Amino acid sequence: MARRVVVTGIGLICGVGHTTDEVWKNLLAGKSGVGKITHFDASAHACQIAAEVKNFDPLKFVERKEVKKMGRFIYFALAASEEAMVSSGLKITPQISERVGVHIGSGIGGFDVIEREHRALLEGGPRKISPFFIPAAIVNLAAGHVSMRFGAKGPNEATATACTTSAHSIGDSLKIIQRGDADVMIAGGSEAAITPMGVGGFAAMRALSTRNDEPEKASRPWDSARDGFVIGEGAGILILEDLEFAQRRGAPILAELVGYGMSGDAYHITQPAPEHEGGFRVMKNALHDAKLQPADIGYVNAHGTSTPIGDVLEAHAIRNFFGDRKIPVSSTKSMTGHLLGGAGGLEAGVSILALRDQILPPTVNLENQDPDTKDMDFVPNHARKASLDYALSNSFGFGGTNGAIVFKRWS
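Residues numbered from 1 in each chain as written. Predicted model: local features only at pLDDT ≥ 70, side-chain atom pairs only at ≥ 80, totals over all residues. Heavy atoms only, no water.

Draft legend 1. A nonpolar patch on the surface, seen in detail. On the surface, Leu-121, Leu-122 and Ile-129 cluster together into a nonpolar patch covering about 250 Å² of accessible area. Its place among the elements puts Ile-129 in the loop between α4 (111-124) and α5 (133-137). (Patch = residues over 30% accessible without salt bridge, like charges linked within 9 Å, V, L, I, M, F, W, Y side chains within 5 Å. Areas by Shrake-Rupley, 256 points an atom, 1.4 Å probe, with all protein chains shown as cover. Salt bridge = Lys/Arg side-chain N within 4 Å of Asp/Glu carboxyl O. Helix = DSSP H or I, 4+ residues; strand = E, 2+ residues; numbered from the N terminus.)

Draft legend 2. A look at the side chain of Ser-219. Within the secondary structure layout, Ser-219 lies in the loop between α8 (196-204) and β7 (234-242). A residue is classified by how much of its surface remains accessible, and Ser-219, at 1% relative accessible area, is buried. A polar contact is formed between the side chain of Ser-219 and the backbone oxygen of Lys-333, at a distance of 2.8 Å. Among residues more than four places away in sequence, those in contact with Ser-219 are Val-230, Thr-305, Ser-306, Lys-333, Ser-334, Val-364 and Asn-365. (Buried < 20%, exposed > 50% of the residue type's maximum accessible area, 1.4 Å probe, protein only. Polar contact = N/O pair within 3.5 Å; in protein donor to acceptor, adjacent residues only side chain to side chain. Contact = heavy atoms within 4.5 Å.)

Draft legend 3. Region of the structure containing the packing of helix α7 (residues 165-178) against helix α13 (residues 343-357). Contact pair α7 / α13: the axes reach a minimum separation of 5 Å and the direction vectors enclose 65°. Seen from α7, the contacting residues are Ser-166, Ala-167 and Ile-170; seen from α13, they are Ala-343, Gly-344, Gly-345 and Ala-348. When grouped by side-chain class, the residues that make up the contact of α7 with α13 number 4 nonpolar, 3 polar and no charged. (Axes fitted to C-alpha atoms, helices over the stretch in contact; angles between N-to-C directions. Nonpolar A, V, L, I, M, F, W, Y, C, P; charged D, E, K, R; others polar.)

Draft legend 4. Just unusual backbone geometry, in detail. In this structure, Ala-162 is a non-glycine residue whose phi angle is positive, near 50°. Locating Ala-162 in the fold gives a position in the loop between β5 (156-157) and α7. Even without a glycine there, the phi angle at Lys-291 is positive, about 60°. The topology assignment puts Lys-291 in the loop between α10 (277-290) and β9 (299-301).

Draft legend 5. Looking closely at α8. Listed in full, the buried residues belonging to α8 are Gly-198, Val-199 and Phe-202. Projected down its long axis, α8 carries its buried residues within an arc of 90°, all on one side. Residues of α8 that are exposed and point over 90 degrees away from its buried face: Met-197 and Ala-204. Check the buried side of α8 and you find it contacts α4. Phi turns positive, to about 60°, at Arg-206, one or two residues after α8. (Arc of directions from axis to C-beta.)

Draft legend 6. Seen up close, the sheet that holds β7. Ordered in space as β5-β4-β6-β7-β1-β8-β14-β13-β9-β10, the 10 strands form an open sheet in which the pairing is mixed. The open sheet has two edge strands, β5 and β10 (329-330), and neither has a second partner. Where strand β4 (residues 100-105) and β5 come together, 2 bridges link them in parallel fashion. Bridge pairing in β5 places Val-102 opposite Asn-156. Lying over the sheet, helix α11 (residues 308-322) contacts β9, β10 and β13 (390-397), oriented at roughly 140° with respect to β13. (Pairing = 2+ DSSP bridges.)

This is the structure:
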């Protein structure tokens, strides 16, 4: 019999808050974290808005001498992991250190560092490149720094599967614990790609909203006037534990992680397959792993990025999977923007909080629902009380990579 895996800690940081409590409070209030870009001069860019983590001081989490050795995504991973560890009450002692692992990914990694060091190369030649360039930028150094910070000597991995990264990190960590390779995993994702190249690159694909005069209304999943996603930044980290290990130490259990699914579209580099067939299969696979039926799920935290094509296709996949039942679905990206590789970790945390508090976060800016989704319940504009035992969180990424995870209410 597979080991049961529970969530004992959550750490969230994004454009609507620096802590889990702040993020959750603002999401339930329908507060948007989107505004004008301040990280750089975006006046020449088609898209001039983003969901930045405002007033973030890395020195609260990193010693001054270490700051230059890390990209911004690493700061976020450390901040969220610190909160998750404190909330879980876990102390990694030498006796358990080899049974505690880290699986934190990033879709892009240290984009800010890459751009900074490239400027140094162009302006001063190769001698001006920092010796910390590579370790500050590469994707697995978020997991590396977190493992060093807490002394976690178990499995140490980093996934980079575009916007499905965090879901895969959490799901793969579930399997690591279930097969007995670790008792605890610090799992999730982090991203910080609000840079000239990051914003410019997505804008060149016509993927970003250009509602520059109304930033807070720009991310509007399933609204007829949506014109692209809004890039966000931050991290979402969970502490996952074998149930018996957690109970022996008296850990605070927030939810149980009961299912994980993966699938591939094998269709297009950026667009989902027709009717989001891969999204349908990933939900089917996650529920099969959880030994559940569609009727068991009480809420879906959707990928829902606010893109013209992606939103409708995901809605069709959900409708096809759940049948005539009008299941509540919401996209918190309408407030947080899209954290790319960090999205699934943030939204996993949100799904757990929805189960804990029996309340559904809204999809804001839903003023005129797309006619192609008129029969769907997207929890429009206001949080809603609910009675639910299971929540499903979807993540989809470029290259047709899909992930879905299922959480059970803990009682």
